[in-house]
Amino acid sequence: SLAYAQYMFTQYNGVATPAIQFAPNATVAMTIQANGTVLIPNQPLVYLDGNAGTVTAGGTMTAFTAEIQKGGMTWNATNGRITVSVAGYYRIDLKTYHYTPTGRTRIYINGAERSLGHGDVGTHETRMQYIIALLAANDYITFTHDKQVYMGANHTTASCYLMG
């Protein structure tokens, strides 16, 4: 099939401001505003927030609520997997709140460890880790920990989004 882009000048916030819109099949996929701001309404993204309000002892992290899911990305709370929808470079973030600072957190891609976080700072700590990875469509991401992590809202979060 033949792909195309439609270029239009539109009004932005009621003011005649030139913008370029890419609209294959009449659905706006991207807008470049006159000031250089780029809007991509269906950029693949998932944002997870802890929902258990309890301390979990270890294993695959599943106690998240998907606050945002866009662009075909999915979160499966049963197996703890984020599945990406299209190939590209992704930023993957994990923030955890630990009761036992000697514990480790890991980011896995398709079952292979890609990032290891650990610390020994005090009795309670917040740990943040991220990676940038080239993923294929249908690759999946999981997060694990081996000590006590508080899975409460705003304490433990995770996200993944397409960078390009």
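Coordinates for the structure precede this section.
In short, a report on the structure. (Residues numbered from 1 in each chain as written. Predicted model: local features only at pLDDT ≥ 70, side-chain atom pairs only at ≥ 80, totals over all residues. Heavy atoms only, no water.)

### Section: the nonpolar core
Counting residues in each nonpolar core, the largest one holds 24 residues, and the members touching the most others are Ile82, Ile92, Leu135, Ile141, Phe143 and Cys160. Discounting residues that sit within four places of it in the chain, phenylalanine 143 has contacts with Gly59, Thr60, Met61, Ile82, Ile92, Asp93, Leu94, Arg106, Ile107 and Ala158. (Core = buried A, V, L, I, M, F, W, Y, C linked by side-chain atoms within 4.5 Å. Buried < 20%, exposed > 50% of the residue type's maximum accessible area, 1.4 Å probe, protein only. Contact = heavy atoms within 4.5 Å.)

### Details of the pairing of strand 3 (residues 19-22)
With burial as the criterion, only one face of strand 3 is covered, namely that bearing Ala19 and Gln21; the residues Ile20 and Phe22 on the opposite face remain uncovered. With four bridges connecting them, strand 3 and strand 4 (residues 30-33) associate as antiparallel partners. Within strand 4, the position partnered with glutamine 21 by the bridge is threonine 31. (Helix = DSSP H or I, 4+ residues; strand = E, 2+ residues; numbered from the N terminus. Pairing = 2+ DSSP bridges.)

### Thoughts on the pattern of salt bridges
Any two side chains of opposite charge can pair, on the condition that their charged atoms come close. Using the criterion set out here, one finds four salt bridges in the structure. For arginine 106, the salt bridge is made with aspartate 146, and the minimal N-O distance between the two is 3.9 Å. Remark: aspartate 146 occurs in the loop between strand 16 (140-145) and strand 17 (149-150) and arginine 106 occurs in strand 13 (residues 104-109); sequence separation between them is 40 residues. Judged by its relative accessible area of 36%, aspartate 146 falls in the partly exposed class. Here glutamate 125 and arginine 127 are joined by a salt bridge, their closest N and O atoms 2.6 Å apart. Taking relative accessible area as the criterion, glutamate 125 reaches 9% and is therefore assigned buried. Residue classification places arginine 127 among the buried positions, given a relative accessible area of 7%. A single network of salt bridges, built from pairs that share partners, joins Arg106, Glu113 and Asp146. (Salt bridge = Lys/Arg side-chain N within 4 Å of Asp/Glu carboxyl O.)

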